[in-house]
Amino acid sequence: MPHDLPKAYDPTAIEDHWAGYWVREKLFSQPTPKDGGPESRPSFDILLPPPNVTGNLHMGHMFEHTESDILMRWHRMRGERVLWIPGTDHAGIATQMLVERQVVSEGSTRQQMGRDAFIKRVWEWREHYGGTILSQMKRLGASVDWGREYFTMDERLSVAVREAFVKLYEQGLIYRGAYIVNWCPRCQTAISDLEVVYDEHKGHLWEIRYPVIGEDGKDTGESLTVATTRPETMLGDVAVAIHPDDERYTHLHGKKLRLPLMDREIPIITDDWVSREFGTGAVKVTPAHDPNDFALGQRHNLPSIDVMDDTAHINEQGGKYKGFERFVARKEVVADLEAQGLLAGIKDHVNNVGHCDRCKTIVEPRLSLQWFVKIQPLSDKAIAAVKEGHIKFTPEMYAKTYLNWMENIHDWCISRQLWWGHRIPAWHCSVCHKTTVSREDATKCAHCGSEKIEQSTDVLDTWFSSGLLPVSVFGWPNIAVENRADFDAFYPTSLLVTGFDILFFWVARMIMMGCWFSLDVPMADESPRSLAESVPFREVYIHALVRDANREKMSKTKGNVIDPIEIVKQYGTDAVRFTLASMASPGTDIAFNVARTEGYRAFANKIWNAARFLFLKMEWSGVEPWVPDSLEQFLPQPDPETLGVPIEDRWIFSRLNACAEQVNRAIENYRYHDAAQVLWAFFWHEFCDWYIELKKLRFQENSGLNAGWRNTLAAFETALRLLHPAMPFLTEELWQRLATDRSTRPVSVAVAPYPQYRQEVTDYEAEREIGILQEIVTMARTLRTESKLDPKQLLEGALYSRTAALEVAQRHASAIQKLANVKLDFKAEAPPKASAIRSTAQFDLVLQVPKTQEDAQRKRLEKEKEQLVKNIANSNRQLGDEAFLAKAPAKVVETIRLKLADYEAQLRKIDDAL
Ligand SMILES: [Zn+2]
Ligand SMILES: [Zn+2]
């Protein structure tokens, strides 16, 4: 029987079932529009930031997916053409490292295997393990279109990568050049500035004397002292720089120095960049191993001498130090300088050392031949797109962060010395030494026709391919008119939901590449595309970070990582989603607390129990749920006998309407916490605590059974739809059980209409009336608790009012009596003096506390008073004791003061009551 709900709410069972159902039924697939042009229906589409193929779902993902999924389900239920595209990133460095480790553990290396065999191995790995995170997403019910899943190394996406490279090259926007890059000697590749993490290190500043050479080519006996944190790099020094106005060194202008250990003559140069205050005011210049020195070298036309190999061992340019690892070389260099009396001093020095984000190896700034994107024209468009308002950021402050970065951006080094990734489509000729860049695999040199060509061994930076995703997932560059339906319908995407950590890595690059490449794609009507229509997304929503309950960042080293899958197993996906949503206000980090999840599991349970009750009554009364002609309407129906609509039905529909208005507005503005709060309050208090309780009384009276139940079920059905985006599984389960007549209903609540505010449903009169009833019942309950009376004991009392409230209260006398267990008289007069009284502007409620209770209560109160008086005297004595005050910590004294104030307030209350 569909209505026979199991007693206990067991999220695991229902969630597994519906997660499978949604995928099987392809409920969230959005096929390519057939007519080739955009339909009239508004579309809402987003790209899932592709997780690394090596990844497991972490709390950050779960949070991001919860926010996205709430939005997507909401838009879908509003009847929009919704598309959410999933996929994974091939994650060059991460994946190569992982598979390499496996290979090493089997006693081999990637070099022994060779490039082709190793890549084959990576593909095998991906086949077996690469889908973890997406299966986790399936289980958590993410409403993505699984039919459109992509992988950044897929054939069609690789075509886009090659096209983008070749096109930029042809446009003169890709070049190859020597440049200082961050080199990871372990990963043996250049890494981006963004992939370098800086740590403070306690190191040293070595001061080294460089002898000055006289006119005769012999040492003059004078020397110039330079300071360095990396003495081994001196092997590659080509000059020493001083400030032109530094009077200490004026006499050395134009002179030469003898580079110690290498016995090389190097010039003294002058440059405004040199700081006179730092160290000795003289700096060694090593263009091949320092970015500032590289710039200096360029300005002064100096050679660059690279003294290290790919593994950061000294190479043949380092003289007798050849073969030493860089830190061993450092020790040797320092020892030799000392032996030669050239070490002027060693000072302790704290400096920021860059580490490879992947493997934590210290990064070596190093000159190497790399491929670059000339960023200028691309960044200009990307800046204009945001400045002109074609892309909006939420929270707004990120627009400034973005612009600031984009305005100071350098050329982008896109080559990586890895094997796993998109290999650069450039072939070097060993005859004419020129390079051929080609869309097709080249077999001959384009310049001299020689067949002695070899493809570049480098691959492209992973972000080069993921930066193209907004155009490539919709078919670019293959966008002849007949293949352009997806592009026409879905580009630009509506929104990007992502974290701050990839704002520059990914968001900025998608904007640059999206604007650049889509500009050539005409609009559906063949008109040229404007910048406004060439942006990859119209809006970027940057979500917060999930931290632990103590607001600490989660990290493996701290051991405070919360695994979302574990929490989901314990409490269910819905409760975890609701926790995250309830704390997600834009710009505020989340302190994830399991106690809250436990609370929201109880919330789900409460709804479950309400459903059980309703379903039981449904069976018993034989009433099928009322199915309105359209789910978009939710007006309460009149009772067929009395033709009136019961007041509590008018009230709950009116409240539901208000709730719908607030939730719609909240989701629209990414105020997930507001939406969660409104939904929670509605279900917990209004629906379960009041409405169902009122309904129970109505059915005890046994009037209006049919119409009443139909309204109750219709309200519940509407409320389930309202809750669906936040708690998809629970609502699907209950909604499916409620819907007996499948023929007139959508197949899932996920594709049913979302309740919208409708003015005609608002019923202020009903809200006022039930409001008065709630106030009276709540007050009577409070008075009873305060008097510590048995809840089962019927109390007598009276309600005094000279307003319309009196008549309302009178009408609900029976409900008040049953809900609060008080029997009231109703009097249109002023209240007498009484101890058990509560007042509002509209009425006064007086309860008669029985004599026996009064005596018992008096005795208890007197006892409490005695104790309080003692406590107060105690506190006063302590606070008057000078010796104690002098010794006690301020915090202790403050606590005593607070306690005293509290005792005094309690005493006043007891005195009043007595
Ligand atoms: Zn590394
Ligand atoms: Zn050639």
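Residues numbered from 1 in each chain as written. Chains lettered and ligands numbered in written order. Predicted model: local features only at pLDDT ≥ 70, side-chain atom pairs only at ≥ 80, totals over all residues. Heavy atoms only, no water.

Draft legend 1. The arrangement of the overall build of the protein in detail. Scanning the protein from terminus to terminus reveals 29 helices and 29 strands. In terms of overall dimensions, the protein has C-alpha extents of about 120 × 90 × 55 Å along its principal axes. Evaluated residue by residue, the protein yields a buried proportion of 55% over its 914 residues. Of the contacts made within the protein by residues no fewer than 6 positions apart, 77% connect residues no fewer than 24 positions apart. As presented, the protein carries roughly 41,300 Å² of accessible surface, and 49% of it is formed by carbon and sulfur atoms. A distance of 4 Å separates the average location of the 110 positive side-chain charges in the protein from that of its 127 negative side-chain charges. (Helix = DSSP H or I, 4+ residues; strand = E, 2+ residues; numbered from the N terminus. Buried < 20%, exposed > 50% of the residue type's maximum accessible area, 1.4 Å probe, protein only. Contact = heavy atoms within 4.5 Å. Areas by Shrake-Rupley, 256 points an atom, 1.4 Å probe, with all protein chains shown as cover. Lys, Arg positive; Asp, Glu negative; His and termini not counted. Charge placed at Lys NZ, Arg CZ, Asp CG, Glu CD.)

Draft legend 2. How the structure looks around the pattern of salt bridges. Within this structure, the stated rule accounts for 53 salt bridges. In this structure, the salt-bridge partner of arginine 484 is glutamate 526, at a minimum N-O distance of 3.0 Å. With arginine 484 in the loop between helix H13 (469-472) and helix H14 (485-490) and glutamate 526 in the loop between helix H15 (503-518) and helix H16 (531-534), this pair connects stretches of sequence that are 42 residues apart. Judged by relative accessible area, glutamate 526 falls into the partly exposed class, the value being 44%. For glutamate 769, the salt bridge identified is with arginine 811, shortest N-O distance 2.4 Å. Highlighted residues: glutamate 769 in helix H24 (residues 764-786) and arginine 811 in helix H25 (residues 805-811), separated in sequence by 42 residues. For glutamate 769, a relative accessible area of 8% puts it in the buried group. The partly exposed category is assigned to arginine 811, whose relative accessible area is 48%. Taken together, the shared-partner salt bridges connect Arg230, Glu325, Arg326 and Glu364 into one network. (Salt bridge = Lys/Arg side-chain N within 4 Å of Asp/Glu carboxyl O.)

Draft legend 3. Expanded view of the coordination of the zinc ion (ligand 2). Protein coordination at the zinc ion (ligand 2) comes from Cys429 (SG), Cys432 (SG), Cys445 (SG) and Cys448 (SG), with a distance range of 2.2 to 2.3 Å. Given 4 donor atoms and angles of 104 to 113° at the metal, the environment of the zinc ion (ligand 2) is assigned as tetrahedral. Sequence spacing of the donor residues for the zinc ion (ligand 2), all on one chain, is C-x2-C-x12-C-x2-C. Note that cysteine 429 is positioned in strand E18 (residues 426-429) and cysteine 445 in the loop between strand E19 (435-437) and strand E20 (453-455), a separation of 16 residues in sequence. By the burial criterion, cysteine 429 is buried, and cysteine 445 matches it. (Donors = N, O, S within 2.8 Å, 3.2 Å for Na, K, Ca; no water. Tetrahedral: all angles 85-135°; square planar, octahedral: opposite > 155°, others 65-115°.)

Draft legend 4. Layout of the coordination of the zinc ion (ligand 1). Taken together, Cys184 (SG), Cys187 (SG), Cys356 (SG) and Cys359 (SG) make up the protein donors of the zinc ion (ligand 1), found 2.2 to 2.4 Å from the metal. Between the donor residues of the zinc ion (ligand 1), the gaps in sequence give the motif C-x2-C-x168-C-x2-C. As far as burial versus exposure is concerned, cysteine 356 and cysteine 359 are alike and both buried.

Draft legend 5. Local environment of the environment of glutamate 786. For glutamate 786, the location among the structural elements is in helix H24. Each C-alpha atom of the pair glutamate 786 and glutamate 769 lies 26 Å from the other, and the pair is 17 residues apart in sequence.

Draft legend 6. The arrangement of the environment of isoleucine 375 in detail. Tracing the chain through its elements places isoleucine 375 in the loop between strand E14 (364-373) and helix H10 (376-387). Distance from isoleucine 375 to leucine 173, taken between C-alpha atoms, is 7.5 Å for residues 202 residues apart in sequence. The contact partners of isoleucine 375, leaving out residues within four places of it in the chain, are Ile409, His410, Asp411, Trp412 and Met512.

Draft legend 7. Summary view of the sheet that holds strand E16 (residues 412-413). Strand order in the open sheet made by the 4 strands is E6-E5-E14-E16, with antiparallel pairing throughout. Strand pairing shows two members of the sheet lacking a second neighbour, strand E6 (189-191) and E16, which therefore form its edges. Sheet contacts for helix H8 (residues 291-299): strand E5 (174-184) and E14; angle to E5, the most-contacted strand, approximately 145°. (Pairing = 2+ DSSP bridges. Axes fitted to C-alpha atoms, helices over the stretch in contact; angles between N-to-C directions.)

Draft legend 8. Fine view of the nonpolar core. Membership of the largest hydrophobic core comes to 136 residues, with the highest contact counts inside it found for Phe578, Phe687, Phe716, Leu734, Ile776, Leu799 and Leu824. With 15 residues, helix H21 (residues 672-701) is the largest single contributor of residues to this core. Once you skip the residues sitting within four places of it in the chain, leucine 799 turns out to touch Ile776, Leu806, Ala809, Leu824, Asp825, Phe826, Lys827, Phe843, Asp844 and Leu845. Formed by 71 residues, the second largest nonpolar core is a distinct cluster that contains Leu47, Val437, Met510 and Trp516. (Core = buried A, V, L, I, M, F, W, Y, C linked by side-chain atoms within 4.5 Å.)

Draft legend 9. Molecular detail of the side chain of asparagine 560. Inspection of the secondary structure assignment puts asparagine 560 in the loop between strand E24 (546-547) and helix H17 (564-571). Within the local environment of asparagine 560, its side chain forms a polar contact with the side chain of aspartate 548, the two groups lying 3.0 Å apart. In this structure the side chain of asparagine 560 is engaged in a polar contact, spanning 3.1 Å, whose partner is the backbone oxygen of lysine 553. Dropping the residues within four chain positions of it, asparagine 560 is found in contact with Asp548, Glu552, Lys553, Met554 and Ser555. (Polar contact = N/O pair within 3.5 Å; in protein donor to acceptor, adjacent residues only side chain to side chain.)

Draft legend 10. How the structure looks around helix H1 (residues 11-24). Here H1 contains 14 residues, and its C-alpha end-to-end distance of 20 Å stays within 8% of the 20 Å for a straight helix at 1.5 Å per residue. Those residues of H1 that fall on the buried side of the exposure criterion are Pro11, Ile14, Glu15, Trp18, Ala19, Tyr21 and Trp22. With its buried residues spanning 165° around the axis, H1 presents them on a single face. Looking at the packing, one finds that the buried side of H1 touches helix H2 (59-77), helix H6 (132-139), H17, helix H18 (573-582), helix H19 (594-621) and helix H23 (728-738). Following H1 by one or two positions, lysine 26 has its phi on the positive side, about 50°. (Expected span 1.5 Å × (residues − 1). Arc of directions from axis to C-beta.)

Draft legend 11. Fine view of unusual backbone geometry. Omega for the peptide link from tryptophan 476 to proline 477 comes to 5°, which places this bond in the cis form. Relative to the elements of secondary structure, proline 477 occurs in the loop between H13 and H14. Note that the residue after tyrosine 491, namely proline 492, is joined by a cis bond; omega there is -5°. Here proline 492 lies in the loop between H14 and strand E22 (496-499).

Draft legend 12. Focus on the pairing of strand E11 (residues 264-270). Where strand E9 (residues 239-242) and E11 come together, 3 bridges link them in parallel fashion. Paired with isoleucine 242 across the strands is threonine 270, a residue of E11. Two strands pair when backbone bridges link them, and strand E10 (residues 256-259) and E11 are joined in this way by 4 bridges, in the antiparallel orientation. Among the inter-strand pairings, leucine 257 is bridged to a residue of E11, identified as isoleucine 266.

Draft legend 13. Layout of empty space enclosed by the protein. One pass over the full model with this rule turns up 5 cavities of 30 Å³ or more. By volume, the largest cavity is sized at about 80 Å³. In terms of lining residues, the largest cavity is bounded by Leu57, Met62, His65, Thr66, Asp69, Met137, Leu140, Gly141, Ala142 and Arg577. It is H2 that contributes the most residues to the lining of the largest cavity, 4 residues altogether. (1 Å grid on protein atoms, 1.4 Å probe; cavity = no way out; pocket = protein on both sides within 12 Å on 5 of 7 lines; lining within 4 Å. Points joined across faces, edges and corners; volume = space filled by probe spheres on them.)

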